[in-house]
Amino acid sequence: MDFQILYKYICQFCLVQIVWGLDSVKLLNPPDEPLSDHLLKILYSCDAPATVQLDCIVSFETGITSTLQLKKWSCVPGDPEIKTLVVNFPDWLVYQPDGIIPDSQWVLSCILLASVRYSGLDDSEGSVTAQNLATLQPKAFFSRPVKQHQLCFSWSTQMLKLTQQSAKKQCPLEQETVHFLPSMYASTGESFGITKTLDSYSSEFLEYLRVKAISLPWCMFSIWVFVTKSGQLHVQMDGEAEESSAFVSQFKVPLNEWCQISVMLHGRTVTLSMVCMDKEQRTVYSQEYVMGHAVVLDDTEGYFVIGGGKYIRGVEGYFGPVVYHRNRIPPYSMSEVVIPDVIRALNLTGWLQICQRFRLEMDVKISGYSFRAEQEKESDTCFDAFHEWMGKDRLPSYSHCELWEAAVPHRRQAADLAKFLAFKHGEGASLPALGRALYSLSLHKLSRTSSTGVVSRILPLLLQAGCLADNRALHMSSVLYSAGLGVKEQPNKAWLLALMAAQKDDRLALLHLGHMHHQGVHGLPTDPDLAYAYYANIAKQTTLDRHNHTPEQTYVEAVYLNNDEVLSLQTNTHHHIFQWLKLQARRGAAEAEQAVARMLYWGQQGVTPDIQTAARHYERGAVQWEDPVSMYDYGIVLMHGHGVQKDIPKALTFLKKAMEKDFVPAINALAWYYEKFNQDYEQAVKLWEQADELGSPDAALNLAVMHSQGLYPGKAADQFMAYQYYLKSAERGHIRGAVQLASYWTTGIPGQVNRRPSDAVLWAKWAAEHNGYLGSILRKALDSNLKSDMFSSLLYYMMAAESGYPPAQFNAAYLCDQNMLGFLDPSFASNCTWRYYNLTIQSQNPDPHAFIRMGDLLCEGQKDLCSAAEMYTRAALRDEPQGWYNLGLLTAEGYRLPLSVLIQLGLSELYMADNSLLLSTLYERCRDSEDTDSYLPCSLALFKVHLQSFQKDYSTAITFSTTVAAVAAPTIFLIILGMLRRHVPSPT
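All values reported here derive from a predicted model rather than from experimental measurement.

Visitor: For the sheet that holds strand E4 (residues 65–75), give the residues involved together with the corresponding values.
Guide: Here we have four strands laid out as an open sheet, ordered E4-E3-E6-E7, and antiparallel in their pairing. Unpaired on one side and paired on the other, E4 and strand E7 (128–136) mark the two borders of the sheet. Within the sheet, the average angular offset between the axes of one strand and its neighbour, ignoring direction, is 20°. Relative to strand E6 (residues 107–117), strand E3 (residues 50–60) is paired through 10 bridges, and the arrangement is antiparallel. The residue bridging Leu-54 from the neighbouring strand is Ala-114, located in E6.

Laid out in structure tokens, this is it:
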């Protein structure tokens with residue numbers, strides 16, 4: 001190459017570099033964050049015609065980067081210039097989304113970039129000769145302002161804006177501080193407790209910290225406890241190689257004091273501390289322990305249990321708030337620990353201190369009177385005839401009372417009962433006996449009242465009985481405070497009394513607390529896990545109670561007081577219905593024999609339980625009538641020794657006979673015998689599978705047990721297969737199957753069955769509501785109603801209603817609604833009606849009449865026709881003709897049924913139709929329902945609609961015809977008269 005040409009190219013290249021090096025651009029006043037209408041100043045220059053461009057570069061959380069061009073203008077060579085321009089960032093970057101401004105992904109960063117570009121070159125990095133950038137900090141969604149739009153919107157845009165308001169983005173809830181138990185839990189010390197699980201964090205950063213801390217835990221647990229049995233704390237930790245280490249606390253948890261126990265994990269170091277509160281006194285304990293291996297804690301694996309569980313029993317007492325701090329240990333000072341508000345509001349310690357003083361006073365009285373009775377008994381043996389004559393027919397008199405005999409007025413009846421028991425039983429008198437006597441006295445007084453006015457005077461007796469460990473009295477007092485029957489409604493006191501009764505394993509109190517936490521009654525937090533802990537306890541007892549049947553239990557029957565047909569079937573051993581069934585049974589009617597035996601065994605339809613007599617009826621049905629049902633029932637009572645002497649060989653004989661007659665439950669019972677007594681698992685499984693194919697719930701349950709325990713021949717334990725059989729058993733109506741299914745849904749099976757706490761609590765509740773002690777309360781309520789003792793009937797129905805039993809809630813509302821003889825204050829009756837009908841319609845399968853009455857109350861009292869129409873609709877959808885009829889009445893009175901109602905009814909096409917057509921359809925549905933009693937009133941209403949429609953459509957024609965007839969009538973009359981005269985013969 002020629003040297004001159006090479007020199008020329010080198011000079012041109014250097015010239016280009018010098019020219020490009022003189023291009024410049026600078027942002028003089030960039031904003032700190034994306035703004036609207038920002039006046040931005042830019043200093044720029046160029047050595048050749050170029051373009052200045054202003055861009056916004058946005059990076060999103062998803063990793064996507066977007067470049068938005070804001071401004072662009074030409075640059076001519078010359079001195080540097082300052083350009084002022086209005087910069088408007090996109091609305092979605094500046095304002096909150098509002099339906100018009102679109103939503104956006106989470107913005108991580110925003111860069112404002114100004115650059116000098118030359119055209120004519122390819123679009124590459126080399127085309128940018130100068131640039132300047134500023135980093136902006138975009139605001140979070142809820143920190144951004146709301147844009148005030150200066151324009152009118154269309155109706156559709158406004159509707160879209162309204163519908164999208166509820167869909168605004170919210171910060172994801174990350175539970176770094178987890179409140180496992182925000183309220184209180186009464187623990188019976190059994191294998192029942194609250195199960196909780198945690199999920200991984202949504203935030204990648206928090207999840208990274210959590211996973212990193214699995215092998216180096218850094219967290220804290222805080223638990224409030226109140227124990228009734230003292231003991232030490234046992235702390236156990238697992239390591240990476242499945243090794244475990246444990247230690248026992250150097251201190252004991254004291255009795256009857258609220259204590260906060262804190263466990264802090266710092267890697268291998270465990271700090272255990274306890275602060276106990278007794279009145280104003282504070283006691284502090286603390287110790288530190290270093291594990292011999294690395295501790296592993298993955299809080300998303302497995303589950304947490306508060307109380308008892310499958311592998312360990314719980315403590316006897318109460319749990320207060322339980323808090324878990326994930327991946328952090330908050331500042332903690334034992335000197336600053338205070339009792340939580342929920343514990344302070346209930347004042348459990350205050351109640352127990354009052355009870356303790358009362359118990360001490362009654363104990364002194366019982367001891368004193370027992371000692372006096374013993375002295376008098378000894379002196380009586382030495383009396384001569386004169387002294388015997390002097391003391392005849394009168395109690396010993398004393399010139400003065402001992403100090404221990406004094407009693408304040410509201411405890412006088414308890415003192416008198418203590419004296420009576422001491423003189424009657426001597427050393428056999430005790431505080432529990434006095435508690436039972438006080439409860440019986442309370443019931444006697446309540447049964448004699450006909451109004452709520454005396455409840456406040458009887459309630460102290462119930463509370464005193466509760467202090468003396470009568471759990472029935474505690475539960476009844478809780479119900480009175482909860483319902484406000486004759487006393488001021490006090491939810492906290494009702495909760496406290498229910499907790500104390502439940503802690504002593506009272507079945508109805510457990511059911512009551514389960515309902516309170518399931519539905520969130522009295523402002524308590526809704527917690528399905530806590531509700532399940534109570535329901536599971538009574539559900540388990542229900543399965544045991546049914547195998548250990550006692551006369552105190554009665555079969556649970558859902559009898560509604562508005563059902564006259566069912567009420568007419570209620571009987572007793574002297575009633576004509578029962579006597580007629582006995583007569584038919586003696587004549588060989590197998591079904592009558594079964595009915596009589598069932599009534600006597602379970603106490604159904606008002607018959608007092610009599611297991612021995614029931615067994616004789618089973619025997620007669622099995623031996624004389626060779627009825628397979630009676631054979632099976634008689635075989636079962638023989639096998640268990642219920643009402644007869646236990647005789648397993650004889651039981652097998654009748655069960656085999658029943659199986660030969662293809663009675664499926666007998667197949668299951670024989671299989672149970674082979675498994676229980678002979679350990680012949682192959683034969684047992686063979687029979688169970690045969691019965692399972694025929695739909696036996698017991699067979700499905702037993703096959704589940706075999707799979708769960710690894711007893712199925714040739715197969716290892718399989719929890720998922722067991723779960724499937726438990727599900728089948730529960731769906732067929734087996735109570736124990738429901739209990740086991742609920743247990744699986746509470747904890748789940750990793751990788752196979754997810755946790756379903758909401759479904760678990762429903763199954764446990766269903767099983768718990770079959771408890772025989774609940775049946776006894778319902779029977780007392782129904783018997784009182786049949787005897788026209790409305791107050792006692794309402795009281796017992798309320799005891800079951802406050803436990804969440806829907807038929808009892810309905811009956812309580814029905815009694816308050818009827819208020820026969822005015823035994824209730826009108827204000828209380830109104831509130832009671834509202835309360836229990838409202839609770840009834842929230843149940844799974846409510847009685848349609850509850851919807852009708854709620855609709856009436858909404859319509860008449862609050863004039864809320866929309867809500868009333870919704871109630872009537874829900875009744876109509878349950879094939880209740882009154883619902884259709886009332887919807888027709890609302891329509892006839894000029895109320896336009898909402899489109900949502902018509903859609904539910906399947907009548908959406910009638911929304912714009914003529915009113916008479918809608919009325920006709922509603923009354924036709926009413927007329928055509930299965931209830932024959934509704935045919936006539938609905939037909940009359942339909943006829944009225946047709947008549948009004950006919951009158952409306954033909955009113956003009958009828959009016960014209962009437963006018964013509966009125967005008968023409970005289971002429972027609974004269975013509976007819978003339979024709980008649982023409983036909984009359986002349987007399988000559």
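Visitor: Which residues make up the confidence of the model for the chain, and what are the values?
Guide: Looking at the chain as a whole, the pLDDT averages 85, with 88% of positions reaching at least 70. Considering only residues more than four positions removed or in separate chains, one finds that residues 973–988, a stretch of pLDDT under 50, has zero contacts.

Visitor: How would you explain the packing of aromatic side chains if you had to name every residue and give the values?
Guide: According to the stated counting rule, one finds 26 aromatic pairs in the structure shown. Ring geometry for Phe-247 versus Tyr-289: centroids 4.4 Å apart, planes at 20°, classification stacked. A residue pair is termed long-range when its members are at least 10 positions apart, and Phe-247 in strand E13 (residues 244–253) and Tyr-289 in strand E16 (residues 281–290) qualify at 42 residues. Judged by its relative accessible area of 30%, Tyr-289 is partly exposed.

Visitor: Give me the lowdown on the sheet that holds strand E5 (residues 81–87), citing residues and values where you can.
Guide: Ordered by their spatial adjacency, three strands build an open sheet running E1-E2-E5, and the pairing between neighbours is antiparallel. Bordering the open sheet on either side are strand E1 (24–27) and E5, each of which pairs with just one other strand. Pairwise comparison of adjacent strand axes, ignoring direction, gives a mean angle of 25° for this sheet. Here E1 pairs with strand E2 (residues 38–45) via four bridges, running antiparallel. Its bridge partner lying in E2, Val-25 is registered against Tyr-44.

Visitor: Account for the environment of Lys-377, with residues named and values stated.
Guide: Secondary-structure assignment places Lys-377 in helix H6 (residues 348–380). A sequence separation of 46 residues divides Lys-377 from Phe-423, and the C-alpha atoms of the two residues are 9.6 Å apart.

Visitor: Break down empty space enclosed by the protein for me, with residues and values.
Guide: One pass over the full model with this rule turns up six cavities of 30 Å³ or more. Counted as a void, the largest cavity has a volume near 100 Å³. Lining the largest cavity are 14 residues; nearest its centre among them are Glu-557, Val-559, Leu-778, Arg-779 and Leu-782. Secondary-structure elements contributing two or more residues to the lining of the largest cavity are helix H27 (772–786) and helix H29 (806–818). Taken together, the residues of the lining of the largest cavity sort by class into nine nonpolar, three polar and two charged. As a volume, the second largest cavity reaches approximately 70 Å³. In terms of lining residues, the second largest cavity is bounded by Arg-210, Ala-213, Ile-214, Pro-217, Trp-218, Cys-219, Leu-297, Asp-299, Tyr-324 and Asn-327.

Visitor: Got a sec to walk through H29? Specific residues and values, please.
Guide: Given a rise of 1.5 Å per residue, 13 residues ought to cover 18 Å, and the 18 Å separating the end C-alpha atoms of H29 matches this to within 8%. Burial runs high along H29: 11 of the 13 residues are buried. Among all positions in H29, only Pro-806, Pro-807, Ala-808, Gln-809, Phe-810, Asn-811, Ala-812, Ala-813, Tyr-814, Leu-815 and Cys-816 are buried. On its buried face, H29 is in contact with helix H13 (507–519), helix H26 (757–768), H27, helix H28 (790–801), helix H30 (826–841) and helix H31 (848–860). Looking at the residues trailing H29, positive phi occurs at Asn-819, about 45°.

Visitor: So what about the packing of H28 against H29? Which residues, and what values?
Guide: Where H28 contacts H29, the axes come no closer than 8 Å and their chain directions differ by 145°. H29 is crossed by H28, and the crossing has left-handed handedness. Two secondary-structure elements touch here, H28 through Met-790, Ser-793, Leu-794, Tyr-797, Met-798, Ala-800 and Ala-801 and H29 through Ala-808, Gln-809, Asn-811, Ala-812, Leu-815 and Cys-816.

Visitor: Outline a negative patch on the surface, supporting the account with residue identities and numerical values.
Guide: Taken together, the side chains of Asp-879, Glu-930, Asp-931 and Asp-933 make up a negatively charged region of the molecular surface. A relative accessible area of 71% means that Glu-930 is categorised as exposed.

Visitor: Got a sec to walk through the environment of Tyr-369? Specific residues and values, please.
Guide: Along the chain, the position of Tyr-369 falls in helix H6. Its relative accessible area of 3% is what places Tyr-369 among the buried residues. In contact with Tyr-369, not counting residues within four places along its chain, are Trp-404, Glu-405, Ala-415, Ala-418, Lys-419, Ala-422 and Phe-423.

Reading guide: rules and limits
- Residues numbered from 1 in each chain as written.
- Predicted model: local features only at pLDDT ≥ 70, side-chain atom pairs only at ≥ 80, totals over all residues.
- Heavy atoms only, no water.
- Pairing = 2+ DSSP bridges.
- Helix = DSSP H or I, 4+ residues; strand = E, 2+ residues; numbered from the N terminus.
- Axes fitted to C-alpha atoms, helices over the stretch in contact; angles between N-to-C directions.
- pLDDT = per-residue confidence, 0-100.
- Contact = heavy atoms within 4.5 Å.
- Phe/Tyr/Trp six-rings, centres within 6.5 Å; stacked < 30°, edge-to-face > 60°.
- Buried < 20%, exposed > 50% of the residue type's maximum accessible area, 1.4 Å probe, protein only.
- 1 Å grid on protein atoms, 1.4 Å probe; cavity = no way out; pocket = protein on both sides within 12 Å on 5 of 7 lines; lining within 4 Å.
- Points joined across faces, edges and corners; volume = space filled by probe spheres on them.
- Nonpolar A, V, L, I, M, F, W, Y, C, P; charged D, E, K, R; others polar.
- Expected span 1.5 Å × (residues − 1).
- Left-handed = near helix turned anticlockwise from the far one by under 90°.
- Patch = residues over 30% accessible without salt bridge, like charges linked within 9 Å, V, L, I, M, F, W, Y side chains within 5 Å.
- Areas by Shrake-Rupley, 256 points an atom, 1.4 Å probe, with all protein chains shown as cover.
- Salt bridge = Lys/Arg side-chain N within 4 Å of Asp/Glu carboxyl O.
- Lys, Arg positive; Asp, Glu negative; His and termini not counted.
- Charge placed at Lys NZ, Arg CZ, Asp CG, Glu CD.

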